[in-house]
Amino acid sequence: MSNCAIVGINWGDEGKGRMVDLLTEKYDFVVRYQGGGNAGHTVVNEFGKFALHLLPSGIFRPGVVNILGNGVAFDMENLWNEMQKVVEQGVALTPENLKISDRVSLVLPWHRDLDGLEEARLADKKYGSTKQGIAPFYSDKFQKKTILAGELFYPEHLREHVKDLVEWKNLTLTGVYGAEPVTVESVMAWLEEYGEKFKPFICDTGRVLKNAVKAGKNILFEAQLGSLRDLDYGIHPYTTSSNSIAAYAPVGSGLASAVIDEVVGVVKAYSTCVGEGPFVCEWFGEEAQKLRDAGFEYGAKTGRPRRVGPIDIVATRYGVECQGATAIALTKLDVMSYMDKIPVCTRYEMNGQLIDDFPFPVALNDCKPVIEYMDGWKSDISGVRTWEDLPENAKKYVEYIEKEIGCFIKYVSVGPERDAYIERK
Ligand code: GDP
């Protein structure tokens, strides 16, 4: 048996979903261990094109068991809507191939309300939340003020718990934000409506995974977002509200004792970043728009144009360290085929000094990118399937990144389709 985590090295949107969809061939279980439906993993395969938000990317493979672990932000309403879309496109979702932890906490409608209220209060200092309720949700989880999915099986206890939470939450909604209070009945009605739909899927997934380990099964852990959005290691406070790094996978999956044999870090061949926060190598104007259009860099969840720029070696090297990556999947190399010269942010200049190490988040505001150029390859590489067939200049670019970030680039992706990749030995 062997376990693997597929994680983002940068700011997210690196193409993790695409890599999970590809690599699930070798795995029996795919587990989402953190985050909510506030980002999207795009997968293109024989069923069509999908923007998955909360569903693990292994749902397309017959026989693979997909798990939402206890570390996830489980929004029943959003997941139900997402499931309907996927089922309509011919993908089977049953309690056999989708299992939800009884220990996962529920995102409640008030989390979304509070997210919107707080972003509005912050006005031009907003964090760039997608307003899916993720930050208020995780804050409540740390205060032990959430409802666990397993509580849906204990209706009397659930009503009492909801009563206590409503009384407490209304203090914030009305007192802090001057918003309308919520009622126990409205929350109970929502919980009953969606709870009934999900009860068949909810079980002790920790036990399922422990049994899987005993049976020698292979487990894939799927992260949402990237190292630089990790709550502890990212560009605070413009991070997500959970730990997206591989080290959290055992905790958030329900298999606390998991040993992760391989960490595949997904790196995009250039940089993109959605939302607010420092982004040292950012491009603006025509140059940016050209790259954005070439890579179709618009958010899977929100449609927001992504900020774009050259690959950032300083940030990528830091991301690789945070993840303990054992191999890299470099995606979207095909997008750079139009460039005469390939730009690389090799270092930062901070107050007149050149630096190689990713600095403290506040200091990022004082950093400027040092850009160097490599020769482009100027040919369509989307049909290339072997390393030997890649143009020399594309190989040089891949080898340069590999050397600078100190990690083997095992996969080079040259298109969104499942088979559009090169595996290096
Ligand atoms: P994730 O959240 O990390 O899974 O990434 P997203 O799905 O948000 O963004 C990645 C986007 O790039 C998706 O639209 C993918 O279909 C697409 N994609 C992934 N790999 C490649 C590639 O190698 N080439 C091209 N052209 N597109 C890719």
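Computed from a predicted structure; not experimentally measured. (Residues numbered from 1 in each chain as written. Predicted model: local features only at pLDDT ≥ 70, side-chain atom pairs only at ≥ 80, totals over all residues. Heavy atoms only, no water.)

Trainee: I would appreciate a short explanation of the site of the ligand in the present structure.
Mentor: Close contacts around the ligand come from 18 residues, with Lys 16, Gly 17, Gly 40, Thr 42 and Ser 413 the closest. Measuring from an oxygen atom of the ligand, one finds a side-chain N or O atom of Asp 13 at 3.0 Å. Measuring from an oxygen atom of the ligand, one finds a backbone N or O atom of Glu 14 at 3.1 Å. Elements that contribute at least two residues to the shell around the ligand include exactly α1 (16–23) and β3 (41–45). (Near = heavy atom within 4 Å. Polar contact = N/O pair within 3.5 Å; in protein donor to acceptor, adjacent residues only side chain to side chain. Helix = DSSP H or I, 4+ residues; strand = E, 2+ residues; numbered from the N terminus.)

Trainee: Is there a simple way to think about unusual backbone geometry in this case?
Mentor: Peptide bonds are, in most cases, trans, and in most cases residues other than glycine have a negative phi. In the segment running from His 236 into Pro 237, the intervening peptide bond is cis, with an omega of 5°. Assignment of secondary structure puts Pro 237 in the loop between β10 (219–226) and α8 (249–253). Phi angles above zero are rare outside glycine, and Phe 296 is one such case at about 45°. On the secondary structure map, Phe 296 appears in the loop between α9 (285–294) and β13 (307–309).

Trainee: Got a minute to help me understand the nonpolar core in this structure?
Mentor: Among the nonpolar cores identified, the biggest contains 42 residues, and Phe 74 and Leu 191 are the most heavily contacted of them. Mapped by element, the contributors of at least two residues to this core are β4 (48–52), α2 (76–88), β7 (98–101), α3 (109–122), α5 (155–176) and α6 (184–198). Looking at which element gives the most residues to this core, the answer is α6, with 7 residues. For Leu 191, the residues in contact, after removing those within four places along its chain, are Met 76, Leu 106, Leu 108, Ile 147, Leu 152, Leu 158, Val 162 and Glu 196. Core analysis: the second largest hydrophobic core is formed by 37 residues, Val 335, Val 398, Cys 407 and Ile 422 among them. (Core = buried A, V, L, I, M, F, W, Y, C linked by side-chain atoms within 4.5 Å. Buried < 20%, exposed > 50% of the residue type's maximum accessible area, 1.4 Å probe, protein only. Contact = heavy atoms within 4.5 Å.)

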